[in-house]
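# Coordinate analysis (summary)
Residue-level listing of the chains:
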Protein chains: 2
Amino acid sequence: MERSILKFGGTSVSSLGKIKEIANYLKKRVEQGEQLVVVVSAMGKTTDQLLQQVSSITSTPNEQDLAVLLTTGEQQTISYLSIVLNDMAVKSKPLTGYQAGIETVGHHLKSKISRINNTLFEQLFETYNVLIVAGFQGFNTNNEITTLGRGGSDTTAIALAAAHECPCEIYTDVAGVYSTDPRIYPQAKRLDSVSYEEMMEMSALGAGVLVTRSVEIAKNYNIPIYLGKTLSDAKGTWIMSQTEMLEKKAVTGVALDKDMIHVTLNYPHYDTSLMDAAFINLEQEEINVDMISQIVNNEGLQLSFTMKDTEERQLHTIFFRLKQDYPSLYYKIENHFVKVSVIGSGMRDMTGVASKVFRTLIEADIPFYQVTTSEISISYVVDARNSEKAAHLLCERFEL
Amino acid sequence: MERSILKFGGTSVSSLGKIKEIANYLKKRVEQGEQLVVVVSAMGKTTDQLLQQVSSITSTPNEQDLAVLLTTGEQQTISYLSIVLNDMAVKSKPLTGYQAGIETVGHHLKSKISRINNTLFEQLFETYNVLIVAGFQGFNTNNEITTLGRGGSDTTAIALAAAHECPCEIYTDVAGVYSTDPRIYPQAKRLDSVSYEEMMEMSALGAGVLVTRSVEIAKNYNIPIYLGKTLSDAKGTWIMSQTEMLEKKAVTGVALDKDMIHVTLNYPHYDTSLMDAAFINLEQEEINVDMISQIVNNEGLQLSFTMKDTEERQLHTIFFRLKQDYPSLYYKIENHFVKVSVIGSGMRDMTGVASKVFRTLIEADIPFYQVTTSEISISYVVDARNSEKAAHLLCERFEL
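All of these numbers come straight from a predicted model, not from anything done at the bench.

Counting its secondary structure elements, chain A contains 11 helices and 18 strands. Taking 400 residues into account, the globule formula puts the C-alpha radius of gyration at 21 Å, and chain A, at 24 Å, falls close to it. Principal axes of the C-alpha set define a box for chain A whose edges measure 80 × 50 × 35 Å. Looking at chain A residue by residue over its 400 residues, the buried ones come to 56%. Taking as baseline every contact in chain A between residues at least 6 positions apart, the subset at least 24 positions apart corresponds to 74%. If you sum the accessible surface of chain A, you get close to 18000 Å²; carbon and sulfur atoms cover 48% of it. Charged side chains of chain A number 36 positive and 48 negative; the gap between the two group centres comes to 5 Å.

Structure representation (C-alpha cells):
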C-alpha cells in the first residue's frame, strides 16, 4: 500500500473550517488506497499567543517548562483533525511527539531528532488509515517533552519520511519555490525542481521556505520533498537529488536577506589583540557575524562585517567596552543593507556567473559593500534602496 | 523530609495572577522544608471552551481524540505554574499524566487509575522541590492518553497520596464541608471532620464536594484528606477514618439532590413480565433508577421510582415501546422533586433518627413520596418547593 507523509503549516490549519477542508482532501486520498502520515503545526497564531502569556510572567522562562506549554498547540491540532476524520468514518489516530516515538537530544527548545521508532507505525497502520503526528515536538531520554526549534514541524515531517523511506509533501500558503520572491519580482517563475544543495543555500540565504536543517536531513536520506500550496491544484516544486534532475541551469534563483547591518572598524595600526578582543566579545554575546573583510594599509586596519540587525543593541555595548581599552578605535554601524544572493548548482560547471553579476550591478550604478562566494552561490551586500532593483536586473539577466 | 500532596481546582488557577499567588504560597512551604506534589486542573473554563469547539464539529467525537484534546488544558496549567516557580528560584518540574506514571484502564474518557509508579518521584525529588502533576489524565497500556472522568483531578491527587502514603490537601473556592448547603441554610456549620463513610454518602447524595470514587480510594488506603479554601486562613474539613475522630454526632449533615423526577406505573394486575421488560429497557438506556417502591393490591400493581431528570427523554421512548406490548399500562412522570438526605455515621449507634426526621416532616405538613435508608443515611423525596423548608427544619432539629 502506498504511503505518504504530508505536512500542513499553521496558516493551513488556522480554523476548524480549514481543518475540515484538509480532512476532506485526506479522505479522498485514503479512498484511493493510500496510508497517510499527517504532520500538523499549531493552529494559526496559537504559539505566539502562548508566548505572549509567558512574557507577562517572565522574560526568561525555564526552557523545560516552556516546551511543555508550547507543545499543547500542536496537540490540540492533532485532536481536532482526528475528531473530524473519525467523524467522517476515516480511521484516524492522533499522536504526540512522544507517542510517535520521536526521540531527541539537546536543549529543550532546540532539540534535534536522534531516533525514530519506525516499527510503531507498522502496527498502527493495521488499524488506522491516517496517523496524525504533532509537529515540532519530541521527547528526550529523561522522558521530558522537547521542541525542535524554528521550522520544527517541517523537520518532523522530513525525519518521519526518512525513517519510513517515503516521499514528503509539505503544504503552505505559497505554491513551491520561486526563482526569487514574487513580492519583489512579480515575473518570478516557480521552479519545477531544485536540488537539495540549491535549496539549502536558498534557506541559509534568507529565502525562508524551509530551514536548512530540514533540507539537510532529506539530502542525507535522499527523500524527495514536494513543496505545494495547501488544497490547490497549482503545481509546486520538487526538491531532490541533483542527479535526478533533468534540466540544469547555471542560476536557479535570487534570494534576498533583509535587515542586515554593515559594521566598519578603523584603527590607526594593525593590532591583533584588538581583533581578538572584538571577536571574543561578539562570540560571548552570541552575535552571528556573516561576511567579513579586512584591509591593512598605511592608514592602519579596516575591518568590516555584516550581521542581522536584531543584535544591534549588544553591538553598542561591545564597542563601548572596546573603546575603553583602545581609545583610538573608530567604529561605524550602518543600517538598511540587504544581502542579494544568486544561487545555482550549475555554477559549479559553468563559468562567468560571477562576472555577469558584477557587470549587472556596475552597469546599473549599484554600489556593493561585501562579496562572498560559495560553490553554488554568490552574495553581494547592497543598500536596501537598491536591493529590489538589483534583484529585478539579476532575474532578467539570468532569465529567471 | 515532610511530603504533602496539594490539589488546586480550576477556579483557583483561573488566571496567571491566581497562579502567581499559589506559587508564592508554595514557595513559603518549600522554604519551611517541605517537598510538594501539586496537582492542578485546567485554568477556569478551558475545558468547557475546548468542548464547545468540538461540539461545532460533531456531537459524537471519538473518545480517544477527545482525551488528547482535553488533556492540553491541564498541561498548560502545569507549565505556567512551573514557569512562575522556577522564575522565583523554586526548583519545579511539570509532569503530564504519562510523565507522572499514572496508568489507567477503561474507556478513554472515564478511565480508572490502575497503577502509579511511585519510585519515579523519589528520583525527581533529588533535583526538584515541587513536582506539578496535570490532574484528570493518565495513559493506558496502548500508550494512549486517557482522562479520569468527572472529578478526575481530585482522584489524581488522592491516588498519588495513596501511592506515596502522605496526606492530601484539596483546595477549592469553598472552605470545607458544611452540614448542609450554606446557600440554602445560611446558619449551616462547617464540619471540622467527617468520616470517609459520611463523605461518601454526602457525595453520592448530591453534596458534590468530592466524587464518591475519590473518597473511596482515600478510605481504602486510609489517607487523610483536608478540604480547604484556596489561599485562605479559614479552617477547612478533615476527612478521615471514623476511629480517629474524637467527637461523634448522630447526624453530621443534610444533603439535597435536586432535579429528581418521580415515575409511577399502574397496571391492572400483577405481571412479572411487565416488570422485567421495564427494567431491561431502563438498563439498556443506561438510566440509573434511584429509589424504587412497589405496591400490589386488589387494584393491581403500582410501581414507583425516582431518577435524575437528565434522562427524561429516553423514558418517554421506553414507555411508548412498553405500551405497544402492554396497552393497559398507565404511567405518570412528575417533575420537580428533591431528595433530602440526613447523614451521620453516628446513626449506626443511636436510635430514633428516622422517627425524628419523620416527625419533623409530618409536623410541618411536608408530604414525601419515597423513603430509603442506609446504615448511615435516611433519604426522603419531597416536592421541590418544600425542599428548602425541609432542609431548614432538619438542620434546626439536629442542631447542625
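Residue and element names in this part refer to chain B. Here D383 lies in strand β18 (residues 377-383). What makes D383 buried here is its relative accessible area of 10%. Those residues in contact with D383, other than ones at most four positions away along the chain, are H336, F337, P367 and Y369.

Turning our attention to the relation of the copies chain B and chain A. Overlay of chain B on chain A (RMSD 0.3 Å): rotation 180 degrees, translation along the axis 0.1 Å. Here the copies are linked by what is in effect a two-fold axis. No C-alpha of chain B lies nearer the rotation axis than that of T72 of chain B, which sits 2.6 Å from it. When the interface residues of chain B are mapped onto chain A, 100% of them are again interface residues, pointing to one common binding face.

Secondary-structure assignment places Y98 of chain A in the loop between β3 (92-95) and β4 (102-105). Note on Y98 of chain A: relative accessible area 21%, which makes it partly exposed. Linking Y98 of chain A and E144 of chain A, residues 46 residues apart in sequence, is a C-alpha distance of 9.1 Å. A polar contact is formed between the side chain of Y98 of chain A and the side chain of N143 of chain B, at a distance of 3.2 Å.

Counting residues at the interface gives 38 residues for chain B, matched by 38 residues for chain A. A per-residue breakdown of the area chain B buries against chain A is headed by I57, D65 and I83 of chain B, which together make up 19% of the total. Our count for the chain B to chain A interface comes out at two salt bridges. The closest approach of N and O atoms between E144 of chain A and K93 of chain B, which form a salt bridge, is 2.6 Å. At the surface where chain B touches chain A, the tally comes to 27 residue pairs in polar contact (both at pLDDT 80 or more). Listing elements by their share of the side of chain B that touches chain A, those giving two or more residues are α1 (16-31), α2 (46-55), α3 (63-87) and β3 (92-95) of chain B.

All names here are of chain A. For strand β1 (residues 3-8), the tally of buried residues reaches six of six residues, placing the bulk of the element in the interior. Because side chains alternate across β1, one face comprises the buried residues R3, I5 and K7, and the other comprises S4, L6 and F8, equally buried. Of the pairings in the sheet, the one linking β1 to strand β2 (residues 35-40) comprises six bridges and is parallel in character. Counted as the bridge partner of I5 is V37 from β2. As a crossover connection, the stretch from β1 through helix α1 (residues 16-31) into β2 is right-handed. Sheet analysis places β1 next to strand β9 (residues 168-172), joined by four bridges and oriented parallel. Its bridge partner being in β9, L6 is matched across the sheet by E169.

What follows is about the pattern of salt bridges. Enumeration over the complete set of coordinates arrives at 24 salt bridges over all chains. Residues joined by salt bridges that share partners form a network here, namely R29, E34 and E169 of chain A.

On to the domain arrangement of chain A. What the domain assignment lists for chain A is domain 1 (3-173) and domain 2 (255-397). Taking the mean C-alpha position of each, domain 1 of chain A and domain 2 of chain A sit 38 Å from one another.

Rules used throughout
Residues numbered from 1 in each chain as written. Chains lettered and ligands numbered in written order. Predicted model: local features only at pLDDT ≥ 70, side-chain atom pairs only at ≥ 80, totals over all residues. Heavy atoms only, no water. Helix = DSSP H or I, 4+ residues; strand = E, 2+ residues; numbered from the N terminus. Rg over C-alpha atoms; globule rule 2.2 N^0.38 Å. Buried < 20%, exposed > 50% of the residue type's maximum accessible area, 1.4 Å probe, protein only. Contact = heavy atoms within 4.5 Å. Areas by Shrake-Rupley, 256 points an atom, 1.4 Å probe, with all protein chains shown as cover. Lys, Arg positive; Asp, Glu negative; His and termini not counted. Charge placed at Lys NZ, Arg CZ, Asp CG, Glu CD. Least-squares fit on C-alpha atoms with pLDDT ≥ 70 in both. Polar contact = N/O pair within 3.5 Å; in protein donor to acceptor, adjacent residues only side chain to side chain. Buried area = accessible area lost by both parts, 1.4 Å probe. Salt bridge = Lys/Arg side-chain N within 4 Å of Asp/Glu carboxyl O. Pairing = 2+ DSSP bridges. Right-handed = clockwise from strand over helix to strand, strands pointing away. Domains from an automatic or database assignment.

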